[in-house]
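A look at the structure
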Amino acid sequence: MVRLSVLAVLTGALVLAALPARAADACDALTAKVIRLTGASLAGRAGAYAVFRAQDAERMSLDCRAPARITIASLDREPSPAYFALVGLAARALTGADAPAAEVLALNLHQDSLLASAPRRGGTGRALMLCETGPRADALRDDLTVCRVALRVGVSRIRRAG
């Protein structure tokens, strides 16, 4: 009986030790996908975070913790169309969303945020997006446009009868 308990404890410890490695592998794969689909280059990686260099954004970062999310920031209050194309590609990499639809959503949310002077949220496919403009007080305070993309979780497209 004692041997069985020791065996159960050791098995549990091995399973728990494998979880961070599996999470790191998943983050590596997602980081590679973001690079491949957006054309950005990896600037650094620490744990569940990856930072990229992208021509059309001041900052681009990936947080692999569930639910994974990408932040794309611009110094411009009204960024070029290439910025919104990058947001669309990032949404495709993270969620599988249609890149042109995500690009249009980002542009519309950005315009709505400019008009309302407040962040605006929306979604397309499996992508949830928040875009905001204007002065900020957080770590992105120098960036006048910030869009965040996250994977929509827990939403089923198929509803059961009853």
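Residues numbered from 1 in each chain as written. Predicted model: local features only at pLDDT ≥ 70, side-chain atom pairs only at ≥ 80, totals over all residues. Heavy atoms only, no water.

1. Some words on unusual backbone geometry
Formally: To qualify as a helix, a DSSP run of H or I must reach at least 4 residues; to qualify as a strand, a run of E must reach at least 2; elements of each kind are numbered from the N terminus. Buried means the residue's accessible area, taken with a 1.4 Å probe over protein chains only, is under 20% of the maximum for its type, while exposed means over 50%, and partly exposed covers the values in between.
Here the bond from Ala 66 into Pro 67 is cis, since omega is -10 degrees, no more than 30 degrees from zero. Along the polypeptide, Pro 67 turns up in the loop between strand 3 (57-63) and strand 4 (69-74). Even without glycine at this site, Ser 117 takes up a positive phi of about 55 degrees. Looking at Ser 117, the relative accessible area reads 62%, which means it is exposed.

2. With respect to the confidence of the model for the chain
Operational definition: Per residue, pLDDT measures the predictor's confidence, with a range of 0 to 100. Contacts are assigned to residue pairs that have any heavy atoms within 4.5 Å of one another.
For the chain, mean pLDDT is 84; residues scoring 70 or higher make up 77% of the total. The weakest mean pLDDT in the chain belongs to helix 1 (residues 2-38) at 64; the strongest belongs to helix 2 (residues 81-95) at 98. Every residue in residues 6-21 is under pLDDT 50, and counting partners more than four places away or in other chains gives zero contacts.

3. Some points on the pattern of salt bridges
The condition is simple: Salt bridges are defined as contacts in which a side-chain nitrogen from Lys or Arg sits within 4 Å of a carboxyl oxygen from Asp or Glu.
What the rule picks out here adds up to four salt bridges. Two residues, Asp 28 and Arg 45, come together in a salt bridge whose shortest N-O distance is 2.1 Å. In this pair, Asp 28 sits in helix 1 while Arg 45 sits in strand 1 (residues 41-46), placing the two residues 17 residues apart along the sequence. Taking the relative accessible area as the measure of exposure, Arg 45 reaches 31% and is therefore partly exposed. Asp 63 serves as the salt-bridge partner of Arg 69, at 2.7 Å between the closest nitrogen and oxygen. Judged by relative accessible area, which is 28%, Arg 69 ranks as partly exposed. Given a relative accessible area of 9%, Asp 63 falls into the buried group. Each of the salt bridges in this network shares a partner with another, and the network as a whole consists of Asp 63, Arg 65 and Arg 69.

4. What to know about the packing of helix 2 against helix 3 (residues 99-116)
Each pair of packed helices can be described by the angle between their axes along with the distance between the axes. Quick note on the threshold: In this analysis an axis means a line fitted to C-alpha atoms, helices contributing only their contacting stretch, and an angle means the value between N-to-C directions, from 0 to 180 degrees. Angular relationships are summarised with four words: roughly parallel below 35 degrees, roughly antiparallel beyond 145, roughly perpendicular across 65 to 115, and oblique for the angles in between. Here a crossing is taken to be left-handed if its near helix is turned anticlockwise relative to the far helix by less than a right angle, and right-handed if that turn runs clockwise. Note on residue classes: Ala, Val, Leu, Ile, Met, Phe, Trp, Tyr, Cys and Pro are nonpolar, Asp, Glu, Lys and Arg are charged, and everything else, Gly too, is polar.
Packing of helix 2 against helix 3 leaves a shortest axis separation of 7 Å and a crossing angle of 125 degrees. When the axis of helix 2 is compared with that of helix 3, the two are oblique. When you trace helix 2 past helix 3, the crossing you get is right-handed. Residues Pro 81, Phe 84, Ala 85, Val 87, Gly 88, Leu 89, Ala 91 and Arg 92 of helix 2 pack against Ala 99, Ala 102, Glu 103, Ala 106, Leu 107 and His 110 of helix 3. Its residues placed into classes, the contact of helix 2 with helix 3 shows ten nonpolar, two polar and two charged.

5. Remarks on the state of the cysteines
As a reminder, the rule being used: The disulfide criterion used throughout: a pair of cysteine sulfur atoms within 2.5 Å.
According to the stated counting rule, one finds two disulfides in the structure shown. Covalent S-S linkage joins Cys 27 and Cys 64, the inter-sulfur distance amounting to 2.0 Å. Taking the sign of the S-S torsion, 70 degrees for the link of Cys 27 and Cys 64, the bridge is right-handed. Residue Cys 27 is located in helix 1, and its partner Cys 64 is located in the loop between strand 3 and strand 4; the two are separated by 37 residues in the primary sequence. A relative accessible area of 18% places Cys 64 in the buried class. Sequence-ordered numbering of the bonded cysteines in the chain gives a pairing of 1-2, 3-4.

6. Some points on helix 2
What counts, and what does not: Expected helix span is taken as 1.5 Å per residue step, with the number of steps being one fewer than the number of residues.
For helix 2, with 15 residues, the first-to-last C-alpha span of 21 Å sits near the 21 Å given by 1.5 Å per residue. Looking at helix 2, one finds that the buried residues are Tyr 83, Phe 84, Leu 86, Val 87, Gly 88, Ala 90, Ala 91, Ala 93, Leu 94 and Thr 95. One or two residues past the end of helix 2 sits Gly 96, with phi positive at roughly 80 degrees.

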